[in-house]
Amino acid sequence: MPNEAPQNLAIQAVGLGKSYGALKAVEGLDLAIPEGQFFGLLGRNGSGKTTTLHMLSTLIRPTRGHAYVAGHDVVQAPVEVRRSIGLVFQESALDRMLTIEENLRFAGALYDLPARLVESRSKELLTLFDLGGKRQIRVATLSGGMRRALDIARGVLHRPQILLLDEPTLGLDVINRRAIWQFLARLRKEEGTTLVLTTHYLEEATGCGQVAFMKDGRIIGQGHPLDLIRRLGTYILEIETEAPGQQAALLGNTKLGVPLIEDHRLLFRIPDEGFPLAELHQELHAEKTRSVQLRHPDLNDVYIWLNRSTAEGG
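Residues numbered from 1 in each chain as written. Predicted model: local features only at pLDDT ≥ 70, side-chain atom pairs only at ≥ 80, totals over all residues. Heavy atoms only, no water.

Quick word on the packing of helix α3 (residues 100-110) against helix α5 (residues 144-156)
α5 packs onto α3 with a crossing angle of 25° between their chain directions and a minimal axis gap of 9 Å. With respect to their mutual orientation, α3 and α5 come out roughly parallel. Regarding α3 and α5, the two cross each other, and that crossing is right-handed. Here I100, N103, L104, F106, A107 and L110 of α3 lie close against α5, whose contacting residues are L150, A153 and R154. (Axes fitted to C-alpha atoms, helices over the stretch in contact; angles between N-to-C directions. Helix = DSSP H or I, 4+ residues; strand = E, 2+ residues; numbered from the N terminus. Parallel < 35°, antiparallel > 145°, perpendicular 65-115°, else oblique. Left-handed = near helix turned anticlockwise from the far one by under 90°. Contact = heavy atoms within 4.5 Å.)

Some details on the sheet that holds strand β13 (residues 265-270)
The strand order β12-β13-β11-β14 describes an open sheet built from four strands, whose pairing is antiparallel. Every interior strand has two partners, whereas the edge strands, β12 (260-262) and β14 (289-295), have only one. When the angles between neighbouring strand axes are averaged without regard to direction, this sheet yields 20°. Direction of pairing for strand β11 (residues 235-241) relative to β13: antiparallel, over a ladder of six bridges. Bridge pairing in β13 links I239 to L266. (Pairing = 2+ DSSP bridges.)

Structural notes on helix α7 (residues 225-232)
Note that an α-helix has 3.6 residues per turn; residues three or four places apart therefore point the same way. What α7 keeps buried is the set P225, L228, I229 and L232. Buried residues along α7 cover an arc of 95° about the axis, so they all sit on one side. Every exposed residue of α7 that faces more than 90 degrees away from the buried side is listed here: R230 and R231. Just downstream of α7 lies G233, where phi reads positive at about 150°. (Buried < 20%, exposed > 50% of the residue type's maximum accessible area, 1.4 Å probe, protein only. Arc of directions from axis to C-beta.)

Description of the pattern of salt bridges
Overall, the coordinates contain 16 salt bridges when judged by the stated rule. The residue R186 makes a salt bridge to E124 at a minimum N-O spacing of 3.4 Å. Of this pair, R186 sits in helix α6 (residues 174-191) while E124 sits in helix α4 (residues 115-128); the two residues are 62 residues apart in sequence, bridging distant segments of the chain. For R186, a relative accessible area of 32% puts it in the partly exposed group. The exposure class of E124 is partly exposed, given its relative accessible area of 36%. Linked through salt bridges whose partners overlap, the residues forming this network are E124, R159, R186, E190 and E191. (Salt bridge = Lys/Arg side-chain N within 4 Å of Asp/Glu carboxyl O.)

Observations concerning the sheet that holds strand β5 (residues 72-73)
Strand order in the open sheet made by the four strands is β2-β1-β4-β5, with antiparallel pairing throughout. Pairing within the sheet leaves two strands with one partner each, and these edge strands are β2 (23-34) and β5. Along the sheet face, helix α1 (residues 49-56) touches β1 (9-20), β2 and β4 (64-69) and points at about 65° away from the line of β2.

Considerations on unusual backbone geometry
Although it is not a glycine, A70 adopts a positive phi angle of roughly 55°. Tracing the chain through its elements places A70 in the loop between β4 and β5. Residue classification places A70 among the buried residues on the basis of a relative accessible area of 17%. Positive phi, normally seen in glycine, also occurs at D130, with a value near 60°. Its location among the elements puts D130 in the loop between α4 and α5.

Quick word on the packing of aromatic side chains
A full pass over the atoms with the stated rule returns three aromatic pairs. Directly above the aromatic system of Y20 lies the positively charged group of K18, at a separation of 5.3 Å from the ring centroid. One residue, R177, lies across the ring of Y201, its end atom 3.9 Å from the ring centre. (Phe/Tyr/Trp six-rings, centres within 6.5 Å; stacked < 30°, edge-to-face > 60°. Lys NZ or Arg CZ within 6 Å of the ring centre and 35° of its normal.)

Structure below.
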């Protein structure tokens, strides 16, 4: 890693890793996230997503490797990194005994913002999230959606260059999730903010400029969401059956290839529009087939196949 900060990159990591004794929570992580990009870190619980965000935000010290955030080394210049980022945790960072207004004032004081600036930005953010009439209400009495919105408002009050979002919409209903995504899109468009997201809702990551799938602390696949989906195939053939192993064997002589088996479902990748699907009907035992569905793939399918590929060492 060079001593000079990388140009035009909001975040760069090379060989970044974190161990807890023998456990390697993150290992050999390489990232290059341009300024203004919407970047998604995707994976199951325990895959290393949150640990990665904690290293990038200086909350934990890397065991090995290097990382720059907003041009600052996360180990050598942690204060400068913290001034450049906003962070929205999985768990709320709000003081539940304080009011909405008091929480924002406290956040403003931490960043040494003038009182008038805190007031004007608070008013704007609370109006946006329909919290303007609740300024004097204690956080403990707010709904989960309101608290999440306030967490995000607190995280962007100082107009950070980079916003790190750890499961920002976890547990929220569709309406609240939509409101948050509309705000984040506006923030990126108007402020040029770099967004780094972790989420379990993979459909939320379709709008990312880049996504990286993590498993066991490593990146197992990366690219533009639509490119990754396109590479997977034109369709996914989903067969629900009482005898998945038997049906998989029956279809083994077709052009479908080896299926993914999930409980009572067989999943096949269909490469193109011209695939001879009609030939499959004679290969299926109708009495053991509950349903046959042809659908377009999504990021969930990409993740499933990436997991199989790494499990098989492919």
